[in-house]
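# Reading the structure
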Amino acid sequence: MKPGDELPPLRIPITRTLIVAGAVASRDYQDVHHDAELAREKGSPDIFMNILTTNGLVGRYVTDHFGPRAVLRKVAIRLGAPNHPGDTMVLTGTVTDVDGDTASVRVVGANGLGHHVTGTVTVEVTR
């Protein structure tokens, strides 16, 4: 791994099941993550993905690329456009820095509305 290396894109279909399962798994019972009618009452066109699900998907993207010896040391993300059912999020990543067995990866997740998530993941890959 070296600075400038690009991770292959990962396309993730955004389904109701993914949104609701991620919210339940992370114990986020806010209605905007599972009840479309209440989400609309609050100004959203539909339910939307929570940050913990996004965080997990970003971590999976990086560890799947670097393999079973990869250990996430830091995940720093910021949300932008919401992930709604029926869209697709495409994750992309670029290695920005390498120090020994540790790399920093700039990650962007984009959907039809724009950037859903941007951030940096620090990953250690032991030999």
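Above this text you will find the structure in question.
Report on the accompanying structure. What you are looking at is a predicted structure, and each value in this text was computed from that prediction instead of being measured.

## Focus on the nonpolar core
The nonpolar side chains of a soluble globular protein tend to be buried, and buried together. One finds Val62, Phe66, Met89, Leu91, Val105, Val107 and Val123 to be the most contacted residues of the largest nonpolar core, which totals 25 residues. Contributing elements (two or more residues each) for this core: β1 (6-13), α2 (36-41), α3 (51-66), β3 (88-99), β4 (102-111) and β5 (114-125). The greatest single-element share of this core, amounting to five residues, is contributed by α3. When near neighbours in sequence (up to four residues on either side) are disregarded, Leu91 contacts Pro8, Pro9, Leu10, Ile12, Leu57, Val58, Tyr61, Val107, Val108, Gly109 and Val117.

## A look at the pairing of β3
As paired elements, β1 and β3 share six bridges and run antiparallel to each other. Residue pairing for β3: Leu7 is matched across the bridge by Gly93. Across nine bridges, the pairing between β3 and β4 is antiparallel. Across the sheet, residue Val95 finds its bridge partner in β4, namely Val105. The turn linking β3 back onto β4 is made up of two residues, and Gly100 within it adopts a positive phi angle of 65 degrees.

## So, the pattern of salt bridges
One pass over the structure, following the stated rule, counts five salt bridges. A salt bridge links Asp5 to Lys2; its shortest N-O distance comes to 3.0 Å. Among the residues examined, Asp5 registers a relative accessible area of 24% and is labelled partly exposed. In this structure, Asp31 and Lys42 form a salt bridge, with 2.9 Å as the shortest nitrogen-oxygen distance. Residue Asp31 is located in the loop between α1 (16-25) and α2, and its partner Lys42 is located in the loop between α2 and α3; the two are separated by 11 residues in the primary sequence. Since its relative accessible area comes to 19%, Asp31 is described here as buried.

Rules of the game
- Residues numbered from 1 in each chain as written.
- Predicted model: local features only at pLDDT ≥ 70, side-chain atom pairs only at ≥ 80, totals over all residues.
- Heavy atoms only, no water.
- Core = buried A, V, L, I, M, F, W, Y, C linked by side-chain atoms within 4.5 Å.
- Buried < 20%, exposed > 50% of the residue type's maximum accessible area, 1.4 Å probe, protein only.
- Helix = DSSP H or I, 4+ residues; strand = E, 2+ residues; numbered from the N terminus.
- Contact = heavy atoms within 4.5 Å.
- Pairing = 2+ DSSP bridges.
- Salt bridge = Lys/Arg side-chain N within 4 Å of Asp/Glu carboxyl O.

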